[in-house]
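An overview of the molecular structure
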Amino acid sequence: MYNSFAAPQAKGKAANDIIFAANALAVADAAAIGAENVTNGTIGAILDDDSKLVCLPTVEAVYRNLPINEVIAYAPIAGTPDFLEKVQVATFGKSRPNGFTSAVATTGGTGGIHHAIWNYTEAGDTVITADWYWGAYKVLCLDMGRKLDTYKMLTDGGTFNLPALTEKVNALLAKQNSIMVIINTPAHNPTGYSLTTEDMEQVVAMLNKAAEETGKQAILFLDAAYIDYAGEKDAVREVFKALDNLPERVLAIVQYSMSKGFTMYGQRLGAMICVTSSEAAAKEFFEINQYTSRATWSNNNRAAMRTLVQIYSDDALLTAVEAERDHYYKMIKARADIFVEEAKACGLPMIPYIAGFFLSVPCANSQAVCDILHKDHIYLVPLAAGVRIALCSIPLQKIPGIAAKLNDALKAVEAAKK
Ligand SMILES: Cc1ncc(COP(=O)(O)O)c(C=O)c1O
């Protein structure tokens, strides 16, 4: 007899992570026929063209040279003060928005998404994100008794679909005391799409209008996990100027993660940074999120804090890290260029790719499409809205041919429907 000991809110929960499942199939195939014969496009980490997991060399040198006390000691729960300052430099660069900002250390980017949902939405509320979204958003919402709803991210012309977002915001604000919108930009996972500064200004204006009309409030959560591989560093950060002098009913939270920018995925460090025109709201942000840190993981990885602080306090180290990021940005871009060119040549539909670890192909029945590709030993990730290709992890020499095979698989699935 099976007894469940789980409390009602936990009963039946199981994280069936499709990304890890697709990766497991690729790993098993590689063990059977040799990794050189398998294309594993499921992993969200940078692998070089020899399929080796990349660690930025300067990050490694700084990390390995830390005094042992800086590795083993506790950090303050909110993060060391120098980390909380330098992480804002890393996030905003020359485009720090006018207003009050406050930062709290988080376990990777995920930790801040967790805290924001927990502290800025009510039980039963619905959070909004795009129809193409990172699956963890939903797990985080559901685990905390919230729901996730989506809007169609792009218009048919491939531009940001503000009208679709506006409609969802208005519908939900009619029912809830506040609204939280999560936008993953720049270099969105899973499509590689980025909002322009103008798009962002319009989102802020729309949220303000909706909040004013209802007398309610809006939280704009910008997940910037991929910002360090999104293009020229100052140009991509200009989008934060849209957060200058925010209206009083709108709070922005920008989430930085060291997972990608420092290739320190497993070290689990990031920071959530609020932007607001209210000093009191910034103080409250610091206090409530620090409290939730105490109530979840307590303190974060001190060695990762020191690594970021050392690099962002030393021009030579920062220049070296930026050159290394640029090298890998170009490595991924070279892969994308081939894929995009081949996709155009064979007529494969694609979400407009701007930069980042992934690109996506819209289709129905993505699981069936991915299953067909397994015959060619190609492993991609089936999502609700289509198929995700992790350019970050496929060596350049394995890219040619994927687009055409994907297109054939798409056509085979469509033909089977008829
Ligand atoms: C869209 C998105 N946001 C945030 C993250 C942050 O991840 P982590 O918690 O590992 O920093 C990821 C990582 O895969 C991501 O894809």
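Residues numbered from 1 in each chain as written. Predicted model: local features only at pLDDT ≥ 70, side-chain atom pairs only at ≥ 80, totals over all residues. Heavy atoms only, no water.

- Looking at an unreviewed UniProt entry, one finds the protein named Aromatic-amino-acid transaminase and attributed to Succiniclasticum ruminis DSM 9236.
- Quoted verbatim from the Cofactor (unreviewed entry) heading of the UniProt record, the comment on the protein is "pyridoxal 5'-phosphate".
- One UniProt comment on the protein, placed under Sequence similarities (unreviewed entry), says "Belongs to the class-I pyridoxal-phosphate-dependent aminotransferase family." (UniProt positions renumbered as here; feature names shortened; annotations may be inferred.)

1. Considerations on the domain arrangement of the protein
- Domain annotation for the protein reports domain 1 (18-55 + 326-417) and domain 2 (59-316).
- When each unit is reduced to the centre of its C-alpha atoms, the spacing between domain 1 and domain 2 is 28 Å.
- When domain 1 packs against domain 2, close to 1800 Å² is buried across both sides, 69% of that on carbon and sulfur atoms.
- In terms of surface lost to domain 2, no three residues of domain 1 exceed Cys55, Ile351 and Phe357, which account for 25% of the buried area on that side.
- On the surface where domain 1 and domain 2 come into contact, there are six residue pairs in polar contact (both at pLDDT 80 or more).
- Elements supplying a minimum of two residues to the side of domain 1 that touches domain 2: helix H13 (315-346), strand E9 (358-362) and strand E12 (386-390).
- Ranked by the residues each element gives to the side of domain 1 that touches domain 2, the list is headed by E9, at five residues. (Domains from an automatic or database assignment. Buried area = accessible area lost by both parts, 1.4 Å probe. Polar contact = N/O pair within 3.5 Å; in protein donor to acceptor, adjacent residues only side chain to side chain. Helix = DSSP H or I, 4+ residues; strand = E, 2+ residues; numbered from the N terminus.)

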